[in-house]
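What follows is the residue order along each chain.
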Amino acid sequence: MRIGIIGTGNMADALGAHWVRAGHDVVIGGRDEGRAAALAERIGAAGHGTPRTAAEFGDAVLLAVPYEVGAGIVGGLQEVLRGRVLIDCSNAVGPGFVLLTEGGPGAALRLADAAPGAHVVKAFNLCHEGVWRMEPPVFDGRALAVPVCGDDQGALDVVGELVKDIGCEPFAAGGLDRAGLVEATAALLIGLWVGEGVDAQAIAPPLAYATGGR
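Residues numbered from 1 in each chain as written. Predicted model: local features only at pLDDT ≥ 70, side-chain atom pairs only at ≥ 80, totals over all residues. Heavy atoms only, no water.

Remarks on the pattern of salt bridges
Move 1: Per the stated rule, a full pass over the model turns up 8 salt bridges.
Move 2: Between Arg-133 and Asp-13 there is a salt bridge, with the nearest N and O atoms lying 3.5 Å from each other. Of the two residues, Arg-133 is situated in the loop between helix H7 (129–132) and strand S9 (138–139) and Asp-13 in helix H1 (residues 10–21); the sequence distance between them amounts to 120 residues.
Move 3: Using a relative accessible area of 35% as the deciding quantity, one classes Arg-133 as partly exposed. (Salt bridge = Lys/Arg side-chain N within 4 Å of Asp/Glu carboxyl O. Helix = DSSP H or I, 4+ residues; strand = E, 2+ residues; numbered from the N terminus. Buried < 20%, exposed > 50% of the residue type's maximum accessible area, 1.4 Å probe, protein only.)

Okay, here's the thing in C-alpha cells:
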C-alpha cells in the first residue's frame with residue numbers, strides 16, 4: 001500500500017516504522033522538510049517532502065500533527081485528499097487534561113468538515129507513542145485492541161489492515177459520529193494515567209462480567 005504521513009513527530013516515527021517493516025511504501029511530508037528527510041531516512045521510507053507530497057502519494061494518509069493545526073493543514077489539501085483514506089490519531093487534550101473540543105464537534109469531525117471528500121477514520125489515539133513502538137504491542141499474551149471509527153467501510157477495512165500490520169487488533173467502534181467518544185476516552189485515560197498515576201486499565205471488568213454475567 002502507498003501511505004503518506006503528514007507529520008514528523010513521534011507518532012509519525014512509531015507508526016511509519018511499523019508500516020515500512022510490513023512492506024508498505026511510505027512517504028513523509030512535513031512543514032519542515034529537513035525533519036521530513038531525517039525521519040524518512042531513519043525509518044527507511046520511500047521518500048519525503050511537504051504535506052502535499054505525502055497527501056498526493058498516499059492511498060491512505062496518516063495525519064500525525066497536533067490537533068490545533070490539523071484542520072488547517074487538511075483544509076489546504078482538500079482536493080488532493082478527495083477519495084483518500086485520512087487517518088486521524090490526534091488528541092484534543094489541553095492543560096488539566098480537559099477535552100478541548102467539549103461542547104462542539106470532535107477532532108475527527110472537524111477534519112471531515114475541513115476535507116469533505118476524504119474518508120476520515122479515527123484510530124491510534126489512545127496510547128502513548130512508546131506503546132506504538134513495541135514490536136508488537138502485546139500485554140500478557142493479548143494483542144492491544146485499537147478502536148476504529150469511520151463512515152466508509154472500504155476506509156475502515158484499510159485502516160483495520162494497518163492496525164494488524166503493527167500487531168494489534170482493530171475494534172469496530174462505530175461511525176465517525178462516535179469518534180468524539182473515543183477522543184473523550186483519551187482525555188479521561190490520560191488524566192488517570194498521567195494526572196493520578198493509576199492503572200486506568202483496571203476500570204473495566206472482563207467481558208464476561210460487563211453485562212452482569214456469571
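That was the structure; now back to the text.
Some words on the sheet that holds strand S3 (residues 47–49)
Hydrogen bonds between backbone groups are what pair the strands of a sheet, and the pairing can be parallel or antiparallel.
Move 1: Here 8 strands make up an open sheet; going across it, the order is S3-S2-S1-S4-S5-S8-S11-S12 and the pairing mixed. Pairing within the sheet leaves two strands with one partner each, and these edge strands are S3 and strand S12 (169–172). Across the sheet, the mean angle separating the axes of adjacent strands is 25 degrees when strand polarity is ignored.
Move 2: Bridge count for strand S1 (residues 2–6) against strand S2 (residues 25–29) is 5 bridges, and the pairing is parallel. Residue pairing in the sheet places Ile-5 in a bridge with Ile-28 of S2.
Move 3: Here helix H9 (residues 179–196) sits on the sheet and contacts strand S5 (85–88), strand S8 (119–122) and strand S11 (145–150); the angle it forms with S11, its principal contact strand, is near 140 degrees. (Pairing = 2+ DSSP bridges. Axes fitted to C-alpha atoms, helices over the stretch in contact; angles between N-to-C directions. Contact = heavy atoms within 4.5 Å.)

Structural notes on helix H4 (residues 67–75)
Move 1: Looking only at H4, the buried set comprises Tyr-67, Gly-70, Ile-73 and Val-74. The buried residues of H4 occupy one face: seen down the axis, they fall within an arc of 105 degrees. Within H4, the exposed residues directed more than 90 degrees away from the buried face are Glu-68 and Gly-72.
Move 2: Residues of H4 that are buried sit in contact with S1, helix H3 (51–57), strand S4 (60–63), helix H5 (78–81), S5 and helix H6 (107–114). (Arc of directions from axis to C-beta.)

Let's talk about the packing of aromatic side chains
The description of two aromatic rings rests on the distance between their centres and on the angle between their planes.
Move 1: One pass over the full model with this rule turns up 2 aromatic pairs.
Move 2: Ring centres 5.9 Å apart and planes at 70 degrees place the aromatic pair Trp-19 and Phe-124 in the edge-to-face group. Here the residue Trp-19 occupies a position in helix H1, and Phe-124 occupies one in the loop between S8 and H7, the gap between them amounting to 105 residues. Note on accessibility: Trp-19 and Phe-124 belong to one class, buried.
Move 3: Relative to Trp-132, the ring of Phe-124 has its centre 5.4 Å away and its plane inclined at 80 degrees; by these criteria the two rings are edge-to-face.
Move 4: Classification of Trp-132 by relative accessible area gives buried; the value is 1%.
Move 5: Among the aromatic residues, those joined into a ring-pair cluster are Trp-19, Phe-124 and Trp-132. (Phe/Tyr/Trp six-rings, centres within 6.5 Å; stacked < 30°, edge-to-face > 60°.)

A few points about the side chain of Lys-122
Move 1: Here Lys-122 shows up in strand S8.
Move 2: Residue Lys-122 is classed as buried on the basis of its relative accessible area of 1%.

Structural notes on unusual backbone geometry
Move 1: Cis geometry marks the peptide bond from Glu-135 to Pro-136, where omega comes out at -5 degrees.
Move 2: Structurally, Pro-136 is set in the loop between H7 and S9.
Move 3: For Phe-97, which is not a glycine, the phi torsion comes out positive at approximately 65 degrees.
Move 4: Within the fold, Phe-97 resides in the loop between strand S6 (93–94) and strand S7 (98–99).
Move 5: Taking relative accessible area as the criterion, Phe-97 reaches 32% and is therefore assigned partly exposed.
Move 6: Even without glycine at this site, Phe-124 takes up a positive phi of about 65 degrees.
Move 7: The class of Phe-124 is buried, set by a relative accessible area of 1%.

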